[in-house]
Amino acid sequence: MDALHNKIRSEGIVLSDQVLKVDAFLNHQIDPALMKAIGEEFARRFADAGITKIVTIEASGIAPAVMTGLYLGVPVIFARKHASLTLTENLLTASVYSFTKQTENTVAVSPRHLSKGDRVLIIDDFLANGRAAQALISIIQQAEAEVAGLGIVIEKSFQTGRAQLDEQGYRVESLARVASLEGGTVSFLPS
Ligand code: 5GP
């Protein structure tokens with residue numbers, strides 16, 4: 001996706017060999033036109049996958065997930081990181097180690113929104129070591145729903161998440177695949 005690659009090149013900040021900061025359009029300030037294009041592209045790629053629900057994780061997955069849900073015409077569920085008084089049922093939960101915050105969190109989804117027979121598309125902003133993706137897969141499996149694929153806005157292909165998901169047989173569509181951040185420069189794989 002040229003628009004995304006260009007945006008990463010022009011507004012992304014390489015914080016280290018491992019971390020890319022995209023607060024200007026995805027993780028803090030959000031570019032709605034870019035999110036719309038991202039949603040359209042994920043919907044195009046998964047048009048024939050029979051998706052019935054989208055699952056993401058708060059907060060930064062929500063914008064691309066909602067746009068994808070709009071184009072696919074399906075509801076979007078975001079796994080919550082914080083316990084809420086309004087989430088009173090027995091929740092589907094999984095533990096996830098946060099790459100950026102370096103803390104372990106429990107994420108939760110109400111079983112009311114996911115059920116057997118759902119074909120679920122997981123959307124997230126970044127794929128690094130795959131902890132967030134594996135936590136969402138676990139939650140979807142607990143609901144006895146099916147993981148139909150994963151849509152990732154920015155994959156850091158030099159970390160372990162993508163290879164693990166490939167090995168598990170999941171379909172992964174990443175709109176930008178970062179080969180390296182070395183020397184402060186972003187280099188991409190074809191995506
Ligand atoms: P993983 O669980 O795959 O190790 O990491 C994915 C999660 O960590 C994403 O949901 C994202 O919030 C965060 N993350 C991982 N790498 C980066 C990065 O380079 N930059 C930013 N901004 N977030 C990242």
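The structure contained in this document is the topic of the report that follows. Just so it is clear, the model here is predicted, and its values are computed rather than measured.

Parameters and conventions
- Residues numbered from 1 in each chain as written.
- Predicted model: local features only at pLDDT ≥ 70, side-chain atom pairs only at ≥ 80, totals over all residues.
- Heavy atoms only, no water.
- Pairing = 2+ DSSP bridges.
- Helix = DSSP H or I, 4+ residues; strand = E, 2+ residues; numbered from the N terminus.
- Axes fitted to C-alpha atoms, helices over the stretch in contact; angles between N-to-C directions.
- Phe/Tyr/Trp six-rings, centres within 6.5 Å; stacked < 30°, edge-to-face > 60°.
- Lys NZ or Arg CZ within 6 Å of the ring centre and 35° of its normal.
- Near = heavy atom within 4 Å.
- Polar contact = N/O pair within 3.5 Å; in protein donor to acceptor, adjacent residues only side chain to side chain.
- Nonpolar A, V, L, I, M, F, W, Y, C, P; charged D, E, K, R; others polar.
- Salt bridge = Lys/Arg side-chain N within 4 Å of Asp/Glu carboxyl O.
- Buried < 20%, exposed > 50% of the residue type's maximum accessible area, 1.4 Å probe, protein only.
- Core = buried A, V, L, I, M, F, W, Y, C linked by side-chain atoms within 4.5 Å.
- Contact = heavy atoms within 4.5 Å.
- Expected span 1.5 Å × (residues − 1).

Ordered by their spatial adjacency, 6 strands build an open sheet running S4-S3-S7-S8-S9-S10, and the pairing between neighbours is mixed. The open sheet has two edge strands, strand S4 (76-79) and strand S10 (187-189), and neither has a second partner. On average, each strand axis in the sheet is inclined to that of its neighbour by 30 degrees, with strand direction left out of account. Bridge count between strand S3 (residues 53-57) and strand S7 (residues 119-127): 3 bridges; the pairing is parallel.

For the rest of this paragraph, the subject is the packing of aromatic side chains. In this description, a pair of aromatic rings is defined by centroid distance and the angle of the planes. Tallied over the full model, the rule gives 0 aromatic pairs. Over the face of the ring belonging to Phe46 we find Arg171, whose NZ or CZ atom lies 4.4 Å from the ring centre.

Right, let's talk about the site of the ligand for a bit. Lining the immediate environment of the ligand, one finds 16 residues, of which Leu20, Ala128, Gly130, Ala132 and Lys156 sit closest. In the environment of the ligand, a nitrogen atom lies 2.8 Å from a nitrogen or oxygen atom belonging to the side chain of Asn27. Within the backbone of Gly130, an N or O atom sits 2.7 Å from an oxygen atom of the ligand. Only S7 and helix H4 (131-142) provide two or more residues apiece to the shell around the ligand. Among the elements that take part in the shell around the ligand, S7 stands out by supplying 4 residues, more than any other. Its residues assigned to classes, the shell around the ligand shows 7 nonpolar, 5 polar and 4 charged.

Summed over all chains, the structure comprises 12 salt bridges. A salt bridge links Glu41 to Arg45, with the nearest nitrogen and oxygen atoms 2.8 Å apart. In this pair, Glu41 and Arg45 are both assigned in helix H2 (residues 32-45), 4 residues apart and thus about one turn of the helix distant. Here Glu41 matches Arg45 in class, with each residue buried. In this structure, the salt-bridge partner of Asp118 is Lys53, at a minimum N-O distance of 3.7 Å. Remark: Lys53 occurs in strand S3 and Asp118 occurs in the loop between strand S6 (104-109) and S7; sequence separation between them is 65 residues. In the salt-bridge network here, residues are joined through shared partners; they are Glu41, Arg44, Arg45, Arg171 and Glu173.

Turning our eyes to something else, we now look at the nonpolar core. Leu4, Ile8, Leu20, Ile38, Ile51, Ile154 and Val186 are the most contacted members of the largest nonpolar core, which totals 31 residues. Among the secondary structure elements, those contributing two or more residues to this core are helix H1 (2-11), H2, helix H3 (62-72), S7, strand S8 (146-156) and strand S9 (172-180). Among the elements that take part in this core, H2 stands out by supplying 4 residues, more than any other. What Val186 contacts, discounting residues up to four positions off in sequence, is Ile8, Val14, Leu20, Val178, Ser180 and Leu181. Residues Ala79, Val96, Leu114 and Ile122 belong to the second largest nonpolar core, which totals 27 residues.

Let us look at H4. End to end, H4 covers 17 Å across 12 residues, agreeing with the expected 16 Å (1.5 Å per residue, within 8%). Taken together, the buried positions of H4 are occupied by Ala133, Gln134, Ala135, Leu136, Ile137, Ile139 and Ile140. Where H4 ends, the next residue or the one after it, Glu144, has phi of about 60 degrees, a positive value.

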